[in-house]
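Architecture and fold: a report
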Amino acid sequence: MSLLETKKLVKKFGGVRAVDHVDVRFEAGMLTGLIGPNGSGKTTLINTLTGLLPMDGGTVVVSDNVALHAVRPTSIATYGLTRTFQSVRLFEQMSVLDNLLVVLTERNVWGALFERHGKYHLDTAEDILKKVGLWEKHHELAGTLSYGQRKLLEIARAVSMRARVYFFDEPFAGLFPEMRKVVSAILHELRENGAAVVLVEHDMDLIRSLADYCYVLDSGTVIAEGAPEAVLKQANVIDAYLGK
Amino acid sequence: MEYLIHIAILVSIYSILGLSLNLVVGEAGLLSVTHAAFYGIGAYATALLLTESGMNFFLAMLIGMVITGAIALLIGAVLSRFDGDFYALGSLGFNVIVFSILLNWQSLTNGPLGIPGIARPSLFGFSFESNTSFLTLSLVLLALVWGICTLITRSSFGRVLHAIREDEQAIQVFGYTTTYYKLVIFVLSAMLAAVAGALFASYITFIDPSSFTVNESIFMLSIIILGGLASHRGAVLGAAFLIILPEALRFAGFPTDVAAQMRQVTYGAILILLMLYRPQGLLGEYRL
């Protein structure tokens, strides 16, 4: 079942089509890789799908039944979408724990005003922080963490959302090998639980071992798609990476 | 002694202003330069209700808070679409508009002549006529405002405000319609400023528009930036510091012919030194 699909999605920056009539499908229980050289439009595609950039054409279909011609960032959570950011965007001057609690508590303004986080929220945050090994630091400010720890916290924040579609924009970059295993396990677990996991990654070994399906982008268009093993052997994919 | 009580009352009033402004600037990171407008609307609403209808001060203050909140809702509905520098400039514009209305709506506000003869509060036959009793009332209201601010900042709502301060777009992605949060905290902050306005009007017993200028808003910003943003204790300390410092400099023994100027220079120099060596304010954790 497709949880998110685009039809002829277009995003322009001035005269440049950074995303050019792209059709992609993200299926439940599958880990889909998005690969392509720098500047090929992977992050722009994610930013457009999560409403950070307004789309300039095409349709986004959620769970095969809601067709959208515009996506607002504030509504993506209700469609079950969540993400991490390539350039790690944490709430720097808040504690590690608060960075998680803020996505677990009440969304409604009045509800939030009369709510203090409950034991349930604390337990959930504790579980997730222990999973990424950051529980010891839960009282420290997010801004004081190392780069790798910051990436882990961002992944933890996305996982706390209990979403249906997860976008991970280069989650492995800058992580040491032990932590890569932890993140791989988290992605696997999300997939096993029936979510659609979208992974932007440059490490082809990781794509081969993790992805069920992958799309190759170049200059804003999909130049190849299919199982990673087959796709990575295609001549046009090798050319795109090596530059002919 | 009377003099010290007078200073203490002013410190309480400005502490209330600092605490309430801190909700918007310190907690939510929105640089609002329009707080004096709400202080003024609260003061005028209370003063007019007291002089025109002779109702009880506390009832007048509550109605004044509601009126201020309603106006803040209109202003905030526009402002909450902005962030960063645009928020600061937009809010400054609203302060100028409110000041001009207070100055020129002669039939309602009596224009530059102001409203004299505002009564001191009374409750169940007890009048807060003496300054000592008025100070007690100010401190009680200050404690109440402190309590309300604490409830807000410790709630889930308060945590969302912090996230808006840190990265508004990122928190939107996690399902928060930040515009509503910015609007609600702006209105709450304005209503608390109206409490300070009501106290000020009935303490001085006379108000005119000159107390509610943009300069006054900037003074309130200095209070919380000096004291430390997002810190309740910082807001009170900042108010005490900025009210007492110019008074204390009277006793610095400058030669009489340059005393006034030297006070201004010293005052300015202390502000600059503080920003150089303690940019997060005296008690603050958070940096703008």
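Above this note sits the structure.
Everything numeric in this text was worked out from a predicted model, so none of it was measured.

Conventions used here
Residues numbered from 1 in each chain as written. Chains lettered and ligands numbered in written order. Predicted model: local features only at pLDDT ≥ 70, side-chain atom pairs only at ≥ 80, totals over all residues. Heavy atoms only, no water. Salt bridge = Lys/Arg side-chain N within 4 Å of Asp/Glu carboxyl O. Helix = DSSP H or I, 4+ residues; strand = E, 2+ residues; numbered from the N terminus. Buried < 20%, exposed > 50% of the residue type's maximum accessible area, 1.4 Å probe, protein only. Pairing = 2+ DSSP bridges. Axes fitted to C-alpha atoms, helices over the stretch in contact; angles between N-to-C directions. Contact = heavy atoms within 4.5 Å. Polar contact = N/O pair within 3.5 Å; in protein donor to acceptor, adjacent residues only side chain to side chain. Nonpolar A, V, L, I, M, F, W, Y, C, P; charged D, E, K, R; others polar. 1 Å grid on protein atoms, 1.4 Å probe; cavity = no way out; pocket = protein on both sides within 12 Å on 5 of 7 lines; lining within 4 Å. Points joined across faces, edges and corners; volume = space filled by probe spheres on them.

Turning our attention to the pattern of salt bridges. Here the idea is simple: oppositely charged side chains can pair when their charged atoms come close. All names here are of chain A. Taken as a whole and judged by the stated rule, the model has 20 salt bridges over all chains. The residue lysine 11 makes a salt bridge to aspartate 56 at a minimum N-O spacing of 3.6 Å. Within this pair, whereas lysine 11 is found in strand β1 (residues 2–13), its partner aspartate 56 is found in the loop between α1 (42–49) and β5 (57–62), the two being separated by 45 residues in sequence. Between lysine 137 and glutamate 140 there is a salt bridge, and its shortest N-O distance comes to 4.0 Å. Given a relative accessible area of 34%, glutamate 140 falls into the partly exposed group. Several salt bridges converge on common partners, so that one network encompasses Glu5, Arg25 and Glu27.

A few words on the sheet that holds strand β4 (residues 31–35) of chain A. By way of backbone hydrogen bonds, the strands of a sheet pair with one another, either parallel or antiparallel. Residue and element names in this part refer to chain A. One open sheet holds the 6 strands; their spatial order is β7-β8-β9-β4-β10-β11, and the pairing between them is mixed. The open sheet terminates on both sides in strands that have one partner only, identified here as β7 (81–83) and β11 (221–226). Across the sheet, the mean angle separating the axes of adjacent strands is 20° when strand polarity is ignored. With 5 bridges connecting them, strand β10 (residues 213–218) and β11 associate as antiparallel partners.

So, about the side chain of Thr105(A). Residue position: Thr105(A) is located in the loop between α2 (96–104) and α3 (109–113). Setting aside anything within four residues of it in sequence, one finds Thr105(A) in contact with Glu115(A), His117(A), His121(A), Ser156(B), Arg159(B) and Tyr176(B).

Let us look at the interface of chain A and chain B. Bring the parts together and some accessible area is lost; that lost area is often taken as the interface size. If you look at the interface, chain A gives 30 residues, while chain B gives 28 residues. At the surface where chain A touches chain B, the tally comes to 2 salt bridges. The salt bridge partner of Arg89(A) is Asp167(B), with a shortest N-O separation of 2.8 Å. At the boundary of chain A and chain B, one finds 14 residue pairs in polar contact (both at pLDDT 80 or more). Those elements that provide at least two residues to the side of chain A that touches chain B are β7, α2 and α3 of chain A. Broken down by class, the residue content of the side of chain A that touches chain B amounts to 15 nonpolar, 6 polar and 9 charged.

Turning our attention to the pairing of β5(A). Residue and element names in this part refer to chain A. Across 5 bridges, β1 lies against β5 in antiparallel orientation. Among the inter-strand pairings, lysine 7 is bridged to a residue of β5, identified as threonine 59. Pairing between β5 and strand β6 (residues 66–68): 3 bridges, direction antiparallel. Looking at β6, one finds that valine 62 is bridged to valine 66.

Here the focus is the environment of Val165(A). All names here are of chain A. When you line up the elements, valine 165 lands in strand β8 (residues 165–169). Accessibility expressed as a relative area gives 1% for valine 165, which makes it buried. In this structure, the C-alpha to C-alpha distance between valine 165 and valine 197, residues 32 residues apart in sequence, is 5.9 Å. For valine 165, the contacting residues outside a window of four places in its chain are Leu3, Leu4, Gly80, Leu81, Thr82, Ala196 and Val198.

Below, the discussion takes up the layout of surface pockets. Taken as a whole, the largest pocket holds about 700 Å³ of empty space. Elements with a minimum of two residues in the lining of the largest pocket: α2 of chain A together with α6 (131–154), α7 (156–173) and α10 (232–248) of chain B. If you tally residues by element for the lining of the largest pocket, the top one is α7(B), at 4 residues. In terms of residue class, the lining of the largest pocket is made up of 8 nonpolar, 11 polar and 8 charged.

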